[in-house]
Structures are given as structure tokens and as C-alpha cells.
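Notes for the structure review
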Amino acid sequence: MDGEGAGTRRPIYGIPPGEASRWLEVVPVRHARRSYTGEPVASAELDALEDRAASWRPWPGARVVVIREAPAALFVGIVGAYGGISHAPSALAFVGGDGTRGEAVGYTGEGLVLEATARGLDSCWVAGLFSAHVTAGLAGLAPGERVHAVAALGHARGTATVKERLLFGAGRPKHRRSLDEIAPGHERWPAWARAAAEATRVAPSAMNRQPWRFSLADSALTLRFAGADTPRTSKRLDCGIAMLHAELGALGQGVAGTWELRDRPEVAVFRPEQGR
């Protein structure tokens, strides 16, 4: 599998035509849900997600596998019996090859999560509390690939369960970092850059830590993460999710561009098209 090194660029036009507005529309309404009805996802919906997963390959080495029937053992974790996920009928597995960076996997995976949301499905990213062995067997990994994270997929119960409320605070507004913290100086930025940073405020991240930070210089938006990286659930995976949200926010203002991956302390730089 192809790896992703610093300096790798990816054109924004990798987002499927017509999908940017659909995905941007559901960004603020997607919420993590851990308790599902158990009702199977319609076969036609799973077929459509598989088709999108096959065509949505914005970064070499990163891909999404649709697991049509997800056994409960997939979600075994350290919280409760099954990592807080119950009765999810299907799942998405986020796969990366040797050398594939976490941000590429996070970016690619969030595209399928937003596609599922646009199709009326509920989901929940799970980066640490899943069985790597079970998932690997279901995902059909090629040599050198591994599963970085998964997402539960299905129809959530109508209201948050007691378990969700007690363990994860479901039903209460999540703490969201202010734009001042995520993007210091944003009040002096052009509209597209502010919209990009704003779109990341509702992006999912492990433990809702929202580690991404943005700065603007020479018309380019630079992404870093705060603090040290974590070995089990890399902050680069979180930042990849934020990259897609930021890109969608910029597109909502009519601005396209490219991402360039960077080494620590930076993660990536978004460069708008000339003249923006």
C-alpha cells in the first residue's frame, strides 16, 4: 500500500461532485449514538455505502470497509461489556496501510460517516474500544493493513438510554471549544478561513478532546494539535476528521484548495486556490 509522507498534497476536488453541500448540511446534526434498535440497515443503503467507499479514496493507503453484519464482539472494550455500544447491526472499519498517516484515515473515514448521516443513519466513532482481531477478520485486510478505528452504524434508539447518559453524557450539550481557542485571531481572517475553523467545532474526536488548532499566515490555514500525541488513539486521527470538516466549511464559502501533510509540530496546511 502507498504511504503518506510529509509534503503529500491532495486536491480538494477529491470530494465527490455534489456531495460537499450534502455533507456540510449534516455536519451540525450528526451526533454520536451508542445504543441502537438492532434493526438491520436496509440492504440498498449498505450497497450505496459500499459503492461510495469504493469510490471515496482521497488518500492513497486509506480506505473504509462496510461491515454489513457487526457481531457484538466487535465492540468489546474496557467500558461496560461492549465498550458502550449496544445492538448496532452494522459498522464501518477505517483501514490504513503501512505508512498511512492517521490524518488520512480520519479524513477518509469521516466522509463515509457523513454519507451515512445524509442517508438517515446513526453512527459513533470508536477508536479504542473495539476488537482489532474481530474487525480485522471481517474487514478483509491486505498485507500491511490495520484497522485504525471503527464506527457503529444503524438506527439509534429514539432517546438516549440511561447507560448513554451515565457513561457518556448523551442528551446533554457537549462542551465545544470556543473559536477563540481553536483559531486564535480568527476575527481578522477572511470568511472562508473562519468558516473552515467553525466547521471543526462539531467534529468528533476521542473523548471529545478536540485537539486541533488553526493559524493563518500568507493565506494558508495551518493545522496543529495541542499537547503530546497519544499512542492508542492518535490525535492525528482526530485531526484528519477535522480536516474534512474544515475543507467542507471552506467549500461552503466557495473556496477550494489543497491539503499538504506536514511533520510535527504541524499536521497539515490548507492552501486555497490562487486568488482566494
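Residues numbered from 1 in each chain as written. Predicted model: local features only at pLDDT ≥ 70, side-chain atom pairs only at ≥ 80, totals over all residues. Heavy atoms only, no water.

Moving on, we get to the packing of aromatic side chains. Evaluated as defined, the whole model comprises six aromatic pairs. Here the aromatic rings of Trp56 and Tyr107 are separated by 5.9 Å at their centres, their planes lie at 20°, and the arrangement is stacked. Of the two residues, Trp56 sits in the loop between helix H2 (43–55) and strand E2 (62–67) while Tyr107 sits in helix H3 (residues 102–118), which places them 51 residues apart along the sequence. Across the pair, Tyr107 and Trp56 agree in class, each one buried. Aromatic ring contacts, followed pair by pair, group Trp23, Trp56, Trp59 and Tyr107 into a single cluster. (Phe/Tyr/Trp six-rings, centres within 6.5 Å; stacked < 30°, edge-to-face > 60°. Helix = DSSP H or I, 4+ residues; strand = E, 2+ residues; numbered from the N terminus. Buried < 20%, exposed > 50% of the residue type's maximum accessible area, 1.4 Å probe, protein only.)

Formed by 58 residues in total, the largest nonpolar core has its most connected members in Leu92, Phe94 and Phe214. At nine residues, the largest contribution of residues to this core is made by helix H8 (residues 235–252). Ignoring sequence-local partners within four residues, the contact set of Phe214 consists of Ile182, Ala183, Pro184, Trp189, Ala197, Thr200, Leu221, Thr222, Leu223 and Ala246. In terms of nonpolar packing, the next biggest core, distinct from the first, is built from 19 residues, Tyr36, Phe130, Val147 and Ala152 among them. (Core = buried A, V, L, I, M, F, W, Y, C linked by side-chain atoms within 4.5 Å. Contact = heavy atoms within 4.5 Å.)

With that out of the way, let us pick up the environment of Gly106. Mapped onto the fold, Gly106 is located in helix H3. Gly106 sits in the buried class, given a relative accessible area of 0%. Counting along the chain gives 44 residues from Gly106 to Ala62, while the straight-line C-alpha distance between them is 8.8 Å.

Inspection of every chain in the model, using the stated rule, returns 20 salt bridges. Across the pair Arg262 and Glu260 runs a salt bridge, and its minimum N-O distance is 3.3 Å. One salt-bridge network, in which partners are shared between bridges, spans Glu19, Arg22, Glu45, Arg52, Glu115 and Arg119. (Salt bridge = Lys/Arg side-chain N within 4 Å of Asp/Glu carboxyl O.)

This next bit is on the environment of His245. Within the secondary structure, His245 sits in helix H8. When its relative accessible area of 1% is taken as the criterion, His245 is described as buried. Considering only alpha carbons, one finds His245 and Tyr107, 138 residues apart in sequence, at a separation of 8.6 Å. With residues up to four places along the chain from it excluded, the contact list for His245 reads Val27, Glu110, Leu114, Ala196, Ala199, Thr200, Val202, Ala203 and Pro204. A distance of 2.8 Å separates polar atoms of two side chains, one belonging to His245 and the other to Glu110. (Polar contact = N/O pair within 3.5 Å; in protein donor to acceptor, adjacent residues only side chain to side chain.)

One open sheet holds the four strands; their spatial order is E2-E3-E5-E4, and the pairing between them is antiparallel. Each edge of the sheet is formed by a strand with only one pairing partner; in this case those strands are E2 and strand E4 (122–126). Sheet twist, expressed as the mean angle between neighbouring strand axes with direction ignored, is 25°. Pairing geometry for strand E3 (residues 90–96) and strand E5 (residues 146–154), over seven bridges, is antiparallel. Paired with Ala93 across the two strands is Val150, which belongs to E5. (Pairing = 2+ DSSP bridges. Axes fitted to C-alpha atoms, helices over the stretch in contact; angles between N-to-C directions.)

Once that is clear, we can look at helix H7 (residues 191–199). Regarding H7, the residues found buried are Trp192, Ala193, Ala195, Ala196, Ala197 and Ala199. Against helix H6 (179–182), strand E6 (212–217), strand E7 (220–225), H8 and strand E9 (266–272) lie the buried residues of H7.

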